[in-house]
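Geometric and topological summary
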Amino acid sequence: MILSLAAEVSPWDIALCVTGTLISCENTLVIAVLFYTPTLRAPMFILIGSLAVADLLAGLGLILNFVFTYLVDSSVEFVTLLSVGLLISAFSASVLNILAITVDRYLSLYNALTYHTERTVTFTYVMVVFIWVSCLTLGLLPALGWNCLRDESTCSICRPVTKNNAVALAVTFLLVFALMMQLYLQICKIAFRHAQQIAVQHQFVAISTTKGVSTLSAILCAFGACWLPFAMYSIVADSSYPVIYTYATVLPATCCSVINPIIYAFRNPDIQKSLWMACCGCVPSNLSLRPRTSSDV
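Residues numbered from 1 in each chain as written. Predicted model: local features only at pLDDT ≥ 70, side-chain atom pairs only at ≥ 80, totals over all residues. Heavy atoms only, no water.

Defined as follows: UniProt positions are given in the numbering used here, feature names are shortened, and annotations may be inferred rather than shown by experiment.
Looking at an unreviewed UniProt entry, one finds the protein chain named G protein-coupled receptor 185 b and attributed to Seriola lalandi dorsalis. Regarding the protein chain, the relevant UniProt record gives this comment under Sequence similarities (unreviewed entry): "Belongs to the G-protein coupled receptor 1 family." According to UniProt, the comment filed for the protein chain under the heading Subcellular location (unreviewed entry) is "Cell membrane".

**Describing the confidence of the model for the protein chain**
Under the convention used in this document: How sure the predictor is of each residue is captured by pLDDT, a score from 0 to 100. Helical segments are the DSSP runs of H or I of at least four residues, strand segments are the runs of E of at least two, and each set is numbered from the N terminus. Contacts were defined at the residue level, with two residues in contact if any of their heavy atoms lie within 4.5 Å.
In the predicted model, the protein chain carries a mean pLDDT of 83, and the fraction of residues at 70 or more is 80%. When mean pLDDT is taken per element in the protein chain, helix α2 (residues 11-35) scores highest with 95 and helix α1 (residues 2-6) scores lowest with 42. Taken as a whole, residues 1-7 scores under 50 in pLDDT and shows 2 contacts with residues more than four places along the chain or in a different chain. Taken together, the stretch residues 291-297 has pLDDT below 50 and engages in 20 contacts with residues farther than four places along the chain or on a different chain.

**Description of the pattern of salt bridges**
The following threshold applies: Salt-bridge detection follows one rule: a side-chain nitrogen of Lys or Arg within 4 Å of a carboxyl oxygen of Asp or Glu. Note on classification: 1.4 Å probe, protein chains only; a residue is buried when its accessible area is under 20% of the maximum for its type, exposed when over 50%, partly exposed between these limits.
Within this structure, the stated rule accounts for 1 salt bridge. One salt bridge in this structure joins R159 and E152, with 3.2 Å as the shortest N-O distance. Taking the relative accessible area as the measure of exposure, E152 reaches 38% and is therefore partly exposed.

**Some points on the state of the cysteines**
Here is the rule we go by: Throughout, disulfides are identified as pairs of cysteine sulfur atoms within 2.5 Å of each other.
Evaluated as defined, the whole model comprises 1 disulfide. Two residues, C148 and C155, share a disulfide whose sulfurs are 1.8 Å apart. Taking the sign of the S-S torsion, 90 degrees for the link of C148 and C155, the bridge is right-handed. For the pair formed by C148 and C155, the shared burial category is buried.

**Overview of the side chain of T162**
Going by this rule: Pairs of N or O atoms are called polar contacts if they sit within 3.5 Å, as long as, within protein, a hydrogen donor faces a hydrogen acceptor (for residues adjacent in sequence, only side-chain-to-side-chain pairs).
Here T162 is to be found in the loop between α6 (121-140) and α7 (163-197). Of note is the side chain of T162, whose polar atom sits 3.1 Å from the side chain of N165. Other than its neighbours up to four places away in sequence, T162 contacts W146, N147, C148, T154, C155 and S156.

**Side note on unusual backbone geometry**
In the segment running from R159 into P160, the intervening peptide bond is cis, with an omega of 10 degrees. Counting through the fold element by element, P160 comes out in the loop between α6 and α7.

**Brief notes about the nonpolar core**
As a rule of thumb, nonpolar side chains are buried together in soluble globular proteins. Selection criterion: Joining through side-chain atoms within 4.5 Å is the link that ties buried Ala, Val, Leu, Ile, Met, Phe, Trp, Tyr and Cys residues into a set, and such a set is a nonpolar core.
With 62 residues, the main nonpolar core has I48, M180, Y184, F223, W227, Y264 and I271 as its most contacted residues. For this core, the secondary structure elements donating two or more residues are α2, α3 (43-70), α4 (77-110), α6, α7, α8 (202-236), α9 (243-266) and α10 (269-280). Beyond its immediate sequence surroundings of up to four residues, I48 is in contact with V30, L34, I101, Y264, A265 and I271.

**Overview of the UniProt feature "transmembrane region" (unreviewed entry) in the protein chain**
If you check UniProt for "transmembrane region" (unreviewed entry), the listed places come out as residues 12-37, 44-72, 78-101, 122-146, 166-192, 213-232 and 244-266 in our numbering. In the segment residues 122-146, helix accounts for 76% and strand for 0%; the C-alpha atoms at its two ends are 34 Å apart.

In structure tokens:
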């Protein structure tokens with residue numbers, strides 16, 4: 001049966017499965033580094049770890065979706081609901097963790113003098129638990145009856161999610177994206193204000209601030225480019241639209257979880273040092289002497 005299905009495997013599903021494998025490998029490495037490095041326990045790293053867990057589950061969800069589609073009887077409702085529930089929970093957690101990291105960046109600049117005393121590890125864990133409870137609840141909704149298995153005409157572009165639920169999720173994402181844009185705009189304003197206030201280090205800070213703003217702009221553009229097409233298409237389309245359009249918007253959205261470890265983990269100098277120590281047993285001198293900037297966070 002597996003051999004007979006091989007010729008019918010969609011190249012889009014193969015691409016999603018490969019993407020899921022890459023996502024899983026990247027984020028497993030991030031989680032391992034954070035877990036085995038006791039010094040990486042600050043609130044920032046807790047949020048990065050939570051994001052890595054969310055993206056890891058998203059990657060595993062893409063792999064399981066491929067397995068369920070081609071190697072398991074996908075007509076079984078439990079299989080369909082399990083697959084879509086895992087993907088909704090994981091990708092929702094990924095987006096909300098990115099929002100939490102953005103808020104954390106903003107607070108670290110806005111309350112620079114009191115940030116390290118007010119921003120406790122306990123508070124960060126409470127926020128992470130809230131994110132995961134909310135996202136797991138969203139993932140359970142299809143299994144609790146919020147699905148279109150009994151009425152295919154109400155399906156969205158992602159069966160068995162209903163059109164109304166897909167629109168609600170898409171609109172929520174657009175609100176999150178708008179909030180992130182506002183926060184990053186405030187971060188840029190604060191960074192430039194700090195640069196103007198420190199006249200002694202004007203040249204260094206100007207270069208550092210320009211680099212930080214460029215990095216933040218790239219982060220926001222990458223996030224929008226990955227998720228906006230899928231969000232907008234979810235609002236206007238339904239199950240009657242050609243499936244190729246769904247694949248063409250879903251694939252870029254999943255690629256956001258490929259980019260996240262690079263942006264939020266591998267670029268961080270503390271995580272880089274831990275990776276060098278784990279792989280080579282030493283840290284390059286240019287990395288150990290490198291000053292931290294706003295783009296490192």
